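Notes for the structure review
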Amino acid sequence: MATTDKEVNELIKREYEHGFVTDIEADTFEPGLNEDVIARLSGIKKEPEWMLEWRLKAYRRWLEMEEPNWAHVGYPKIDYNSISYYSAPKRKEDMPQSLDEVDPELLKTYEKLGIPLHEREKLAGVAVDAVFDSVSVATTFKEPLAKAGVIFCSISEAIQDYPELVKKYLGSVVPAGDNFFAGLNSAVFSDGTFVYVPKGVRCPMELSTYFRINAANTGQFERTLIIAEDSSYVSYLEGCTAPMRDENQLHAAVVELVALDDAQIKYSTVQNWYPGDEQGKGGIFNFVTKRGACIGKNSKISWTQVETGSAVTWKYPSCVLRGDNSVGEFYSVALTNNYQQADTGTKMIHMGKNTSSTIISKGISAGKSSNAYRGLVKFGPGAEGARNFTQCDSLLIGDRCGAHTFPYIESKNKSAIVEHEATTSKVSDEQMFLCRQRGIEPEQAVSMIVNGFCKEVFKELPMEFAVEAGKLLEVSLEGSVG
Amino acid sequence: MLSIKNLHASVEDKEILKGINLEIKAGEVHAIMGPNGSGKSTLSQVLAGNEAFEVTSGEITLNGENLLDLETEERAREGIFLAFQYPVEIPGVSNLQFLRTAVNAMRAHRGEPEMNAAEFMKLAKEVSKQVDLDPAFLKRGVNEGFSGGEKKRNEIMQALLLQPKLAILDETDSGLDIDALQVVSNGVNALRAEDRAILMVTHYQRLLNHIVPDYVHVLAGGKIVKSGGRELALELEERGYGWLGIKDEETADSSAN
Ligand SMILES: Nc1ncnc2c1ncn2[C@@H]1O[C@H](COP(=O)(O)OP(=O)(O)OP(=O)(O)O)[C@@H](O)[C@H]1O
Ligand SMILES: [Mg+2]
């Protein structure tokens, strides 16, 4: 056979570099889920009564919901009673007051991941919240942020310190009854990040959260809530990794964004959860609900995601464009290899006048993986003059993988305009031959071609993370060539 | 420098090259002519190591080293360069990035340090002027939306940047306007050097007015049926391929000219 097939077989042999397990003392719940477990979780976090009530209501609702099966993915049935719903690194005292009090093993973990939690280190200028299993372990740069009036803390702290804000917005974008996984998350979310940017404030630095699943048989259910008041701006980045384990691990997060008048939220994700091994064993089930509400006029929410990890991904970062002239954007690179399955895309719900949205989706499939784009563009009766542009490109590496596109359009307003473009291409033998004829290693050639394919999305990422994303693709494709 | 002995190659079980013998010494320029479909591109691709073609017997050595043992990229680093008859596009990958990656791969092979972006930019700009390509082409995707002639000039630019030992030019003259032919020929002449050999495939003796070859070979039906000097090309132009015992209709040029 020609080069590319052979190359792909090799490429598939890549290894996951974040696969180490941290040996750390942890408090972990027995597997199982019932009202007592939720009460215990809420108790450990010393949550107010209203929060527990909120969780229990969500739980009762969830019990009546069905796991969705419409996505283009297949996975063994999950036994929700075999999962532990809380695991936290054991702390010497209560909460670490500064990084010096954080368990050195933990700091080492983050260092191995290339995420310095020490403020003076190289990511200077980026504030980091690190979530390890179920709890937030450190938030950096709290002070300069506080000076600007920006609140950046774990959601657990926010529940204690800013209950009015949490009460007002939690579940306002993704209600507990929205879908099965959002319902589960609402009942058992253990930590996550909270951001509040007051009126007229441009957040002085990039905010970022790194999520890490360490404990075995533990689900991670984090909850992120970002509120941008009138005329404010914030750019937020999340990164995710997990150890290599033979069992699948469940990650069911909920992210809610709220943009008021003239506010702008830029949300970027570099997701590199453990994808499972070459035979498709193990890996993270990534079932995530992310949605932003452009409530205010002229507001804007941009989602940029680079998804290379997870065994199964089910994820549709969406925008509800309520405010007149509001803008929603979705830029996505999703790469699947080996036996990975991804069903990802977005929903753009146009409600206000002259709302506009842009969708650029780049799907890359290698190995025996399956990669589906699923998108919904919906125009409500009030969406006078609204428009959407969608571009969906798929790149196939080898001939044993699959790419699928499921674009849906629903319009209740005749003045709305939709443009849709879609392409499917292959990394061709001729392209590979050209690169190799110029002395370039096959692996480097594939990665260069794939990076070129993703260029439009990478340019939306904050500078330093664009470089990181490029490298990540290279690692994810490693071994596909020989 | 290059020695080809009794080379047989096939594609999809169809034999295309049926016993090629060719010796090329350093400093020489050889032209290969011949009817469409006679195997000229196949020979070029086989020399460069395209795995779509299977070498069934024979040998190829470059300065005594067995080329057939080497992968495509290894041959490239040993100094084999192929300017493609139909250069392929790589969307989204800038010409500049592509070329720098290639140049640095060669440099790494020779144990030389990498060229940084600024140094390379300077070099690439100079070379692009040499083939009369606006430096703006460096920023565009590799061959992406290039016209036929621009693609050919881009190929010669690459040869100039990579400074190969053996440059194989597969119909680099076809599809060029008169000025571009001059520019490309100047580029090729700039490549001529004592320690470098050039093998060019062409249908036109006109090119050979600009780049004067030391030898001209006629490839027909997968074999070299005649070799001679510069004057052979003139004779071919006058008489076609028929007198060599090759069917006349096969001499019709169906390429993009
Ligand atoms: N990949 C392939 N699959 C099948 N046949 C092929 C393939 N590549 C080349 N051939 C055949 O091999 C023969 C020689 O082709 P080649 O391209 O080497 O000719 P050429 O001498 O370069 O012709 P031209 O002057 O038209 O460029 C042709 O009959 C061609 O159809
Ligand atoms: Mg040819």
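Here's a quick rundown of the structure. Owing to the predicted nature of the structure, the values given are computational and were not obtained by experimental measurement.

Thresholds, definitions, all that
- Residue indices follow the written sequence of each chain, beginning from 1 at its first position.
- Here chains are named by letter from A upward and ligands by number from 1 upward, in the order in which they appear as written.
- Since the coordinates come from a predicted model, pLDDT governs what is reported: local features require at least 70, and pairs of side-chain atoms require 80 or more to be given and counted, while whole-chain, interface and lining totals use all residues.
- Remark: hydrogens and water are excluded; side-chain values derive from all non-hydrogen atoms of the structure.
- In this description a helix means any DSSP run of H or I spanning at least four residues, a strand means any run of E spanning at least two, and both kinds are numbered starting from the N terminus.
- Contact criterion: two residues are considered in contact whenever any of their non-hydrogen atoms come within 4.5 Å of each other.
- Accessible surface is estimated by sampling points in the Shrake-Rupley manner with a 1.4 Å probe; for residues, cover comes only from the protein chains shown.
- For each residue, the test is whether any non-hydrogen atom lies within 4 Å of the molecule or strand; if one does, the residue is near.
- Within 3.5 Å is the distance limit for a polar contact, defined as a pair of N or O atoms, with the added protein rule that one can donate a hydrogen and the other accept it, and that residues adjacent in sequence qualify only through two side-chain atoms.
- Following the grouping adopted for this structure description, the nonpolar residues are Ala, Val, Leu, Ile, Met, Phe, Trp, Tyr, Cys and Pro, the charged ones are Asp, Glu, Lys and Arg, and the polar ones are all others, Gly among them.
- Under the scheme applied here, a residue whose accessible area is under 20% of the maximum for its type counts as buried, over 50% as exposed, and between as partly exposed, the area being computed with a 1.4 Å probe on protein chains only.
- Two strands qualify as a pair provided DSSP detects at least 2 bridges between them.
- Metal donors were taken as nitrogen, oxygen and sulfur atoms no farther than 2.8 Å from the ion, or 3.2 Å where the ion is Na, K or Ca. Water is excluded, so coordination may look unfinished.
- Where helices are involved, their axes are fitted lines through C-alpha atoms of the stretch in contact, as for all axes, and angles between N-to-C directions lie from 0 to 180°.
- Should an angle fall under 35 degrees it is called roughly parallel, over 145 degrees roughly antiparallel, and 65 to 115 degrees roughly perpendicular, with every other angle called oblique.
- Salt bridges are defined by distance alone: a side-chain nitrogen of Lys or Arg within 4 Å of a carboxyl oxygen of Asp or Glu.
- Here the quantity called buried area is the total loss of accessible area, with a 1.4 Å probe, experienced by two parts when brought into contact, counted for both.
- Two aromatic rings from Phe, Tyr or Trp, using only the six-membered ring of Trp, form a pair when their centres are within 6.5 Å; if the ring planes differ by under 30 degrees the pair is stacked, by over 60 it is edge-to-face, and anything between is tilted.
- Two thresholds decide whether a charge sits over a ring: the Lys NZ or Arg CZ must be within 6 Å of the ring centre and within 35 degrees of the ring normal.
- Crossing handedness is defined as follows: a turn of the near helix away from the far one that is anticlockwise and smaller than a right angle gives a left-handed crossing, while the clockwise case is right-handed.

**Let's talk about the overall build of chain A**
Assigned secondary structure in chain A consists of 12 helices and 23 strands. Contacts spanning at least 24 positions in sequence make up 84% of the contacts within chain A whose residues lie at least 6 apart. Carbon and sulfur atoms form 49% of the exposed surface of chain A, whose accessible area is close to 17900 Å².

**Quick notes on the site of ligand 1**
All names here are of chain B. Surrounding ligand 1, one finds 16 residues, the nearest of these being Gly-37, Lys-40, Ser-41, Thr-42 and His-203. At a separation of 3.5 Å, an oxygen atom of ligand 1 approaches a polar side-chain atom of Lys-14. The side chain of Asn-36 places a nitrogen or oxygen atom 2.9 Å from an oxygen atom of ligand 1. Protein coverage of the free-state accessible area of ligand 1, which is 630 Å², stands at 67%. Of the residues forming the shell around ligand 1, the biggest block, 3 residues, is contributed by helix H1 (residues 40–48). Of the residues assigned to the shell around ligand 1, the class counts are 4 nonpolar, 8 polar and 4 charged.

**Focus on the pairing of strand S16 (residues 318–321) of chain A**
Residue and element names in this part refer to chain A. What you see with S16 is no split at all: Ser-318 and Val-320 on one side and Cys-319 and Leu-321 on the other are buried throughout. The sheet contact formed by strand S13 (residues 283–294) and S16 spans 4 bridges and is parallel. Bridging across to S16, Arg-291 finds its partner in Ser-318. Sheet topology places S16 next to strand S18 (residues 341–350); 4 bridges connect them, and they run parallel. Paired with Cys-319 across the strands is Met-348, a residue of S18.

**Remarks on the environment of A:Ser172**
By the secondary structure assignment, A:Ser172 is in the loop between helix H7 (163–169) and helix H8 (180–188). Considered as a pair, A:Ser172 and A:Phe406 are 234 residues apart in the sequence and their alpha carbons are 28 Å apart.

**What about the coordination of the magnesium ion (ligand 2)?**
All names here are of chain B. Every protein donor of the magnesium ion (ligand 2) is accounted for by Ser-41 (OG) and Gln-85 (OE1), and the metal-donor separations fall at 2.0 to 2.2 Å. Of this pair, Ser-41 sits in helix H1 while Gln-85 sits in the loop between strand S6 (80–83) and strand S7 (90–94), placing them 44 residues apart in sequence. Assessed through its relative accessible area of 24%, Ser-41 is described here as partly exposed. Among the residues examined, Gln-85 registers a relative accessible area of 13% and is labelled buried.

**Remarks on the sheet that holds strand S12 (residues 223–228) of chain B**
All names here are of chain B. Strand order across the open sheet formed by 6 strands is S6-S9-S10-S3-S11-S12, with mixed pairing between neighbours. Two strands bound the open sheet, and with one partner strand each, they are S6 and S12. Strand-to-strand twist in this sheet, taken as the mean axis angle between neighbours without regard to direction, amounts to 20 degrees. With 4 bridges connecting them, S6 and strand S9 (residues 166–170) associate as parallel partners. Residue Ala-83 lies in a different strand from S9, and its bridge partner there is Leu-169. Strands strand S3 (29–33), S6, S9, strand S10 (197–201) and strand S11 (215–220) of the sheet are contacted by H1, whose axis makes an angle of about 145 degrees with S6.

**Structural notes on the packing of helix H3 (residues 95–109) of chain B against helix H4 (residues 117–130) of chain B**
Residues and elements named next belong to chain B. The geometry of H3 relative to H4 is characterised by a closest axis approach of 11 Å and an angle of 105 degrees between their N-to-C directions. One finds that H3 runs roughly perpendicular with respect to H4. Between H3 and H4, the residues in contact are Leu-96, Leu-99, Arg-100 and Val-103 and Ala-117, Phe-120, Met-121 and Ala-124, respectively. Looking at the contact of H3 with H4 residue by residue, the class counts come to 7 nonpolar, no polar and 1 charged.

**Concerning the pattern of salt bridges**
Once their charged atoms are close, side chains differing in charge can pair, the charge on each being opposite to the other. Enumeration over the complete set of coordinates arrives at 24 salt bridges over all chains. For B:Arg107, the salt bridge goes to B:Glu112, with nearest N and O atoms at 3.7 Å. The exposure class assigned to B:Glu112 is partly exposed, which follows from its relative accessible area of 32%. A single salt-bridge network, built from bridges that share partners, covers A:Arg436, B:Glu51, B:Glu71 and B:Glu73.

**Section: the pairing of S3(B)**
Residues and elements named next belong to chain B. Burial runs high along S3: 5 of the 5 residues are buried. Summarising the sheet, S3 and S10 pair through 4 bridges and their orientation is parallel. Across the sheet, the residue bridging to Ala-31 is Met-200, located in S10. For S3 and S11, the ladder comprises 4 bridges, and the chain directions are parallel. When the sheet's bridge partners are listed, Ile-32 is paired in S11 with His-217.

**Some words on the interface of chain B and chain A**
Contacts between the two partners involve 32 residues from chain B and, on the opposite side, 20 residues from chain A. In total, about 2200 Å² of surface goes out of reach between chain B and chain A, with carbon and sulfur atoms giving 60% of it. At the boundary of chain B with chain A, the tally comes to 5 salt bridges. Connecting chain B to chain A are 12 residue pairs in polar contact (both at pLDDT 80 or more). Class assignment of the residues belonging to the side of chain B that touches chain A gives a composition of 17 nonpolar, 9 polar and 6 charged.

**Details of the packing of aromatic side chains**
Residues and elements named next belong to chain A. A full pass over the atoms with the stated rule returns 15 aromatic pairs over all chains. Taken together, a centroid distance of 5.3 Å and an interplanar angle of 45 degrees make the contact between Trp-62 and Phe-180 tilted. Taken together, the residues span a long stretch of sequence, with Trp-62 in helix H3 (residues 49–63) and Phe-180 in helix H8 at a distance of 118 residues. Phe-180 carries the same exposure label as Trp-62, and that label is buried. For the pair Phe-181 and Trp-314, a centre-to-centre distance of 5.2 Å together with 70 degrees between the ring planes defines the contact as edge-to-face. Here Phe-181, found in helix H8, pairs with Trp-314, found in strand S15 (residues 312–315); they are 133 residues apart in sequence, far enough to count as distant. An aromatic cluster is defined as three or more aromatic residues linked by ring pairs; in this entry it consists of Tyr-59, Trp-62, Tyr-80, Phe-180, Phe-181, Phe-287, Trp-314 and Tyr-316. The cationic tip of Arg-40 hangs over the ring face of Phe-29; the distance from NZ or CZ to the ring centre is 4.0 Å. Over the aromatic face of Phe-453 sits the side chain of Lys-362, whose NZ or CZ is 4.9 Å from the ring centroid.

**Section: the packing of H3(A) against H8(A)**
All names here are of chain A. Contact geometry of H3 with H8 gives a least axis separation of 7 Å together with a crossing angle of 150 degrees. You can see that H3 and H8 cross each other, and the crossing is left-handed. Between H3 and H8, the residues in contact are Trp-54, Arg-55, Ala-58, Tyr-59 and Trp-62 and Phe-180, Gly-183, Leu-184, Ser-186, Ala-187 and Val-188, respectively. When grouped by side-chain class, the residues that make up the contact of H3 with H8 number 8 nonpolar, 2 polar and 1 charged.

**Let's talk about the side chain of B:Ser185**
Residue and element names in this part refer to chain B. Here Ser-185 lies in helix H7 (residues 178–191). Judged by its relative accessible area of 0%, Ser-185 is buried. Beyond its immediate stretch of four places on either side in the chain, Ser-185 contacts Leu-207, His-210 and Ile-211.

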